[in-house]
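# Fold and geometry: a report
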Amino acid sequence: MRDMKTRVIEAVRPILDPDLGYSIVDIGLIREVYVEDGGGVIVVLMTLTTPFCPFAGELKAAVIRNVEALPEVD
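Residues numbered from 1 in each chain as written. Predicted model: local features only at pLDDT ≥ 70, side-chain atom pairs only at ≥ 80, totals over all residues. Heavy atoms only, no water.

## Considering the pattern of salt bridges
It is possible for side chains of opposite charge to pair when their charged atoms get near one another. Keep this limit in mind: The term salt bridge refers to a pairing of a side-chain nitrogen on Lys or Arg with a carboxyl oxygen on Asp or Glu at a separation within 4 Å. Put simply, DSSP marks the helices as runs of H or I at least four residues long and the strands as runs of E at least two long, and each gets a number from the N terminus on. Remark: exposure states derive from per-residue accessible area (1.4 Å probe, protein chains only) relative to the maximum for the residue type, with buried under 20%, exposed over 50%, and partly exposed in between.
Per the stated rule, a full pass over the model turns up 4 salt bridges. In this structure, the salt-bridge partner of Lys5 is Glu32, at a minimum N-O distance of 2.6 Å. In this pair, Lys5 is assigned in helix α1 (residues 4-12) and Glu32 in strand β1 (residues 30-36), connecting sequence segments 27 residues apart. According to the relative accessible area criterion, Lys5 is partly exposed, its value standing at 31%. With a relative accessible area of 24%, Glu32 lands in the partly exposed category. Three or more residues joined by partner-sharing salt bridges are found here, namely Glu10, Arg13 and Asp26.

Set out below in structure tokens:
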């Protein structure tokens, strides 16, 4: 079975940067994934393509939604 960090990265890979049209994982916007409490708590460190990205809220919501969909995540 894949480790939780890998599963989180794969869960957010389908999310596309609206300006570039590429996966936020593939273009390096996901900086780090921390797995705490045996996988129940996940922290995703993410950056944006610009400091005042108008899609920041949408991207954050998409990451949260996709990570929370993993069965082991609290």
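## Comments concerning α1
This is how the line gets drawn: Our arc is simply the arc of the directions from the helix axis toward the C-beta atoms. We call two residues contacting when some pair of their heavy atoms lies within 4.5 Å.
Those residues of α1 lying buried are Met4, Arg7, Val8, Ala11 and Val12. End-on view of α1: buried residues confined to an arc of 125 degrees, all on one side of the axis. Against β1, β2 (41-46) and α2 (56-68) lie the buried residues of α1.

## Notes on the packing of α1 against α2
Stated formally: Note on geometry: axes are lines fitted to C-alpha atoms, helical ones only across the stretch in contact, with angles between N-to-C directions running from 0 to 180 degrees. Working definition: roughly parallel below 35 degrees, roughly antiparallel above 145 degrees, roughly perpendicular at 65 to 115 degrees, and oblique for all remaining angles. The handedness criterion is simple: a crossing whose near helix is rotated anticlockwise from the far helix by less than a right angle is left-handed, and one whose near helix is rotated clockwise is right-handed. As a working rule, the residues Ala, Val, Leu, Ile, Met, Phe, Trp, Tyr, Cys and Pro are called nonpolar, Asp, Glu, Lys and Arg charged, and the rest polar, with Gly in that last group.
One can describe the packing of α1 onto α2 by two numbers: an axis separation of 9 Å at closest approach and a directional angle of 130 degrees. Accordingly, the angle class assigned to the pair α1 and α2 is oblique. Read as a crossing pair, α1 and α2 show a hand that is right-handed. Mapping the contact onto sequence places Val8, Ala11 and Val12 in α1 and Val63, Asn66 and Val67 in α2. For the contact of α1 with α2, the class distribution of residues is 5 nonpolar, 1 polar and no charged.

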